[in-house]
Amino acid sequence: MDIAEVLKLADELIFAKTGEHIDYLQKAILEGTFQGRTYPQIADATHSSEGHTRDIGSELWQILSEGFGKEITKRNFRSILEKAKFDNFSSAIGRVGRDYVAINNVNICQEKARSPTPPQNPQQTPTQPHIDLGDAPEIFTFFDRTHQLSTLENWITQQRTRLIALLGISGIGKTTLSLGLINQIKTGFDYIIYRSLRFSPTLDATLTNLLQIFPQPTETPQNTDTKISQLLNHLRNYRCLIVLDDVQMLFCSGQPPGEYKSDCEDYQLLFKLIAEVCHQSCLMLNSSEKPREIVRLEKEYHPVRSFELGSLGIAAKEILNSQKLSDRETWETLIDIYQGNPLWLELTATLIQELFGGRVSEFLQCEMPILDEGLQSQLSQQFQRLTQPELAVVTHFANLAEPVAVSYFFNKIALSPAELVNAVRSLRSRFLLDAVEEEKITLFSLNPVLRHYVQSRYVSN
Ligand SMILES: Nc1ncnc2c1ncn2[C@@H]1O[C@H](COP(=O)(O)OP(=O)(O)O)[C@@H](O)[C@H]1O
Ligand SMILES: [Mg+2]
């Protein structure tokens, strides 16, 4: 058996016994043991304490021993697996599955208390999740995003990722995708919550808002620290999916991306704790600027991932179809020009409908791209957030038809190399610059819509 088969079987055994999938620490213990690592080494790599790692390990060996009907320990694990056949293990899963009612629930993650009312009879159908979507927009149409949904679902339900950043330029479909995801995976959660941070609420206000969704404690805590620990308790006791949308509104305008407004700085602590503390929930952050701590936490071995959302691709034809445009043979050209951005395509489709009777080929005869007023004002909100060095770099890019390396700008622009490099990096963190690798060089460019916007707004004036 190889490690992939082992993990799959371990996941099924754990699920049969506890009703929960393998978590990242259990996975790390199995992989580490397979590779001959010691507990201190595994604890080190997972930023867990050695004692906690050993506790989880011994529960794990017990589950595997029961499943396989043979004592499995850290010492003999590898040799048993090397001799074992997949079929022997598979039959073990059936055994555990049948014994499920008789076996007590095991707390896989010791700090993770289960739901305060664990199912007395696991055969009864799961209760409906408590869903509170607040002021989320109602989604009437949802096209494709099949791969994106399955990746995110896998991260949340299989890999038990605790913190996910869903990133991408405004209008690309982050809000829509996260609501589609909620719809797809709502069973299996106790609480599903969506909140937009578009008005930059303080952390305290957000916590107060979130806490009132859960069963009320006898006393409402007064200070933010206590509210954070109460929320973490809920995330441990219940399986929750919380989506915080418009996270970029916590960041300053006119400053490098990811720089928190002074009264929003303590969100960093919440995000860090959600990544580091053991619990059974997931927080998803939607943002058009990459939060800096995500970059840091992702590099360490925390269950933290980021997902950059791109073009809707040919599924965007459905948007054109729903707006009753004609000349289907030209739709892919239109989608390419507008980067498969659903919002840009919706706005342009309305324009085509109003001025060109829905005929895309007639519209495409104009000099492309044409940015209708709605699209311009949408872009203006994003460009207002840039720093002066970013604006200087972006206006240079607007004059270039071909992608260029960063070094191209040295001595062409009144910025030091460090300022230049940081400006390019910031523009990337705002998803405004595209990058391609060519012959071991990274080349950057502005897409045609942004180039046209910058030329008309900043270059010709
Ligand atoms: N997969 C999709 N199917 C249908 N419409 C979509 C899809 N993704 C985005 N849209 C539409 O595009 C517009 C922008 O999407 P939204 O989710 O608000 O983007 P973002 O949150 O990234 O700014 C919305 O009007 C939305 O209805
Ligand atoms: Mg949104």
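By convention here, each chain's residues receive numbers from 1 onward along its written sequence. Lettering for chains starts from A, numbering for ligands starts from 1, and both go in the order in which the items are written. In keeping with the model being predicted, local features are shown solely for residues with a pLDDT of at least 70 and side-chain atom pairs are shown and tallied solely at 80 or more, while totals for entire chains, interfaces and linings include all residues. Values shown for side chains rest on all heavy atoms present in the structure; no hydrogens or waters enter the calculation.

Asker: Would you mind going over the sheet that holds strand 1 (residues 130-132) with me for this structure?
Answerer: Hydrogen bonds along the backbone pair up the strands of a sheet, which may run parallel or antiparallel. A pair of strands is treated as paired once DSSP finds two or more bridges between them. Numbering goes from the N terminus for both helices and strands, where a helix is a DSSP run of H or I of at least four residues and a strand is a run of E of at least two. Within the open sheet, the six strands sit side by side as 1-3-4-5-2-6. Their pairing is parallel. Looking at which strands have only one partner, the edges of the open sheet turn out to be strand 1 and strand 6 (304-308). Between one strand and the next, the sheet's axes are offset by a mean angle of 15 degrees, whatever the strand orientation. Contact definition: two residues touch when any of their heavy atoms are within 4.5 Å. In this description, a line fitted to the C-alpha atoms serves as the axis of each element, helices being fitted only across the stretch in contact, and the angle between N-to-C directions of two axes falls anywhere from 0 to 180 degrees. Here helix 7 (residues 146-158) sits on the sheet in contact with strand 2 (163-167), strand 4 (240-245), strand 5 (282-287) and strand 6, set at roughly 175 degrees to strand 6.

Asker: Can you help me understand helix 8 (residues 174-185) in this one?
Answerer: Residues that lie three or four places apart on an α-helix share one face, since the helix turns once every 3.6 residues. Under the convention used throughout, the expected extent of a helix is 1.5 Å for every residue step, that is, one less than its residue count. Taking 1.5 Å of rise per residue, 12 residues should cover 16 Å, and helix 8 covers 16 Å from first to last C-alpha, within 8% of that figure. Taken together, the buried positions of helix 8 are occupied by Lys-174, Leu-177, Ser-178, Leu-179, Gly-180, Leu-181, Ile-182 and Ile-185. Elements that come into contact with the buried residues of helix 8 comprise helix 7, strand 2, strand 3 (191-196), strand 4 and strand 5. The cut-offs for exposure are 20% and 50% of the maximum accessible area for each residue type, with area from a 1.4 Å probe on protein chains only; residues under the lower value are buried, those over the upper are exposed, and the others partly exposed.

Asker: Explanation requested: the packing of aromatic side chains in the structure shown.
Answerer: Aromatic ring pairs are described here by two measures, namely the spacing of the ring centres and the angle between the planes. Ring pairs are drawn from Phe, Tyr and Trp, using the six-membered ring of Trp, whenever the two centres fall within 6.5 Å, and their geometry is named by plane angle: stacked under 30 degrees, edge-to-face over 60, tilted for the rest. Scanning the entire structure with this criterion turns up 14 aromatic pairs. Their ring planes at 75 degrees and their centres at 5.4 Å tell us that Phe-356 and Phe-363 sit as a pair that is edge-to-face. In terms of burial, Phe-356 and Phe-363 fall into one category: buried. Through a chain of ring-to-ring contacts, the aromatic side chains of Phe-34, Trp-61 and Phe-77 assemble into a single cluster. It is Arg-78 that lies over the ring of Phe-34; its NZ or CZ is 5.2 Å from the centre. Criterion for a charge above a ring: Arg CZ or Lys NZ at most 6 Å from the ring centre, at most 35 degrees from the ring normal.

Asker: I tried to follow the site of ligand 1 on my own but got confused; where do I start?
Answerer: Taken together, 16 residues lie around ligand 1, and Phe-143, Gly-171, Lys-174, Thr-175 and Thr-176 are the ones closest in. Any pair of N or O atoms that falls within 3.5 Å is considered a polar contact. Within protein, one atom must be able to donate a hydrogen and the other to accept it, and sequence-neighbouring residues count only if both atoms are side-chain atoms. Between ligand 1 and the protein, one listed contact pairs an oxygen atom with a side-chain N or O atom of Lys-174 at 2.8 Å. The side chain of Thr-175 places a nitrogen or oxygen atom 2.8 Å from an oxygen atom of ligand 1. Per-residue and other accessible areas follow the Shrake-Rupley method at a 1.4 Å probe size, with only the shown protein chains counted as cover for residues. Considering ligand 1 on its own, with 550 Å² of exposed area, one finds that the protein chains cover 82% of that surface. Elements supplying a minimum of two residues to the shell around ligand 1: helix 8 and helix 15 (342-356). We call a residue near a molecule or strand as soon as one heavy atom of that residue lies within 4 Å of the molecule or strand.

Asker: What should I look at first to understand the pattern of salt bridges in this one?
Answerer: A pair can form between side chains of opposite charge whenever their charged atoms are brought close. When a carboxyl oxygen of Asp or Glu is within 4 Å of a side-chain nitrogen of Lys or Arg, the pair counts as a salt bridge. Applying the stated criterion across every chain, the model contains 13 salt bridges. One salt bridge in this structure joins Glu-276 and Lys-272, with 3.3 Å as the shortest N-O distance. Residue Glu-276 and its partner Lys-272 are located together in helix 11 (residues 267-276), separated by four residues, close to a single helical turn. A residue is classified by how much of its surface remains accessible, and Lys-272, at 39% relative accessible area, is partly exposed. Notably, a salt bridge pairs Lys-290 with Glu-298, separated by 3.7 Å at the nearest N-O pair. Salt bridges here are not isolated pairs; linked through shared partners, they connect Glu-289, Arg-385, Glu-390 and Arg-430.

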